[in-house]
Amino acid sequence: MENNKKIPVAILGATGMVGQRFVQLLSDHPWFEISALASSERSVGKTYRHACRWMLDKEIPASAADMLIQEIQPTLEARIIFSALPAHVAKKVEPRFAKGGYVVCSNASAFRYEPDVPVIIPEINHDHLTLLEPQKKNRGWDGLIITSPNCTTTGIAIPLKPLYQKFGISKIFAVSMQAISGAGYPGHSFLDIADNVIPFIPGEEEKVQTEINLLLGKMNGNHRIPAEITISAQANRVSVKEGHTICLSMAFERKPSLNELIRVLEDFKGISGLPYLPGSPEQIIIVREEQDRPQPRSDRNAGGGMSVSVGRIRECPLLDYRMVTVSHNTLRGAASGSILNAELLVAKQLI
């Protein structure tokens, strides 16, 4: 960072659950500083402390508490925009900011599946940033949009990446047990979720099946070629506050030994060319040896909420191997993931 001068950033949808995470995480970020907060019309003109029903475990950062909420318009004094908007709103708003020259790091699904918009987890596919050149050219934007994947996809794609690189993967069966925080605020009522499992989350299974193949795909020049893995996903909402648990079964093109598989997971430091990013954990994948781990309450905060914990690695009678993963859905799977993408753009000198 030149002269240690921090880059001004704005948060769209700042009063929501993911927006609150952005505020919390960016309040003392080494590269970024919050210069503007924006939200819906009913919050405009209020201080953040009065507009926001703060739901996180620590107090509202003092640096943000008395900031005035501004309109969601491309007139904000910022270089980077972190979007925590609902998809239907993001679809209209984010292009206006990109056209206005802003770098938009989106947590929404609105543009994830566009052929010229990269879906990025820096440690596994930072090379997909080459999509940004045709994006700006094709759309006539001075700025850009980069997206993060769905929170459930993240906890699957990260441990799959080194295995896919090394052994090839042909089939995946994934069953998710997703925390209620993934539904946003107010989420499900107590009577709906207490003592219960809800075996349906709208659009979730389709997102997982599409996004894994995008993330594990390869680049041919400025074109992304998705992987061709057959994926069956089942999504469930469970009575857990934070942390998504995934049960995975995998079929490999070249079946490794159990020791080989574990070693590849433990040794993964990100794909070649990964620059230093302050938000990336020292250990991206943490392999647990205990019979009853990982668990969301015990493992969601591993690596500051940025590591994916993997355990119960064993042979599968249907496919080749099975395992359980836990990842933090509102950190690695949401706000922290978008911030990591912004760090990547800075490190690659694209901002």
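Located above this text is the structure these notes cover.
In this text the structure is predicted, and so the values were computed from the model without any measurement.

Draft legend 1. Geometry of the sheet that holds strand β14 (residues 308-315). The strand order β8-β11-β7-β12-β15-β14-β13 describes an open sheet built from 7 strands, whose pairing is mixed. At either margin of the open sheet sits one strand with a lone partner, and together these are β8 (197-198) and β13 (285-287). In this sheet, strand β11 (residues 230-238) lies alongside strand β7 (residues 169-178) in parallel orientation, the contact comprising 8 bridges. From the neighbouring strand, F173 faces β11, where its bridge partner is S232. Strand contacts of helix α7 (residues 151-167): β7, β12 (244-252), β13, β14 and β15 (321-327), with the helix running at about 25° to β12, the strand carrying the most contacts. Relative to the sheet, helix α9 (residues 204-215) contacts β7 and β11, its axis offset from that of β11 by approximately 135°.

Draft legend 2. View of unusual backbone geometry. Of note, the bond from Y185 into P186 is cis; its omega dihedral lies within 30 degrees of zero at 5°. With respect to the element layout, P186 can be found in the loop between β7 and α8 (190-193). Residues R293 and P294 are joined by a peptide bond in cis, for which omega reads 10°. Tracing the backbone through its elements, the reader meets P294 in the loop between β13 and α11 (296-299). We note that D195 has phi near 55°; this positive angle belongs to a residue other than glycine. Mapped onto the secondary structure, D195 falls in the loop between α8 and β8. Classification of D195 by relative accessible area gives exposed; the value is 80%.

The rules we used
Residues numbered from 1 in each chain as written. Predicted model: local features only at pLDDT ≥ 70, side-chain atom pairs only at ≥ 80, totals over all residues. Heavy atoms only, no water. Pairing = 2+ DSSP bridges. Helix = DSSP H or I, 4+ residues; strand = E, 2+ residues; numbered from the N terminus. Contact = heavy atoms within 4.5 Å. Axes fitted to C-alpha atoms, helices over the stretch in contact; angles between N-to-C directions. Buried < 20%, exposed > 50% of the residue type's maximum accessible area, 1.4 Å probe, protein only.

The values are spatial; any link to function lies outside them.
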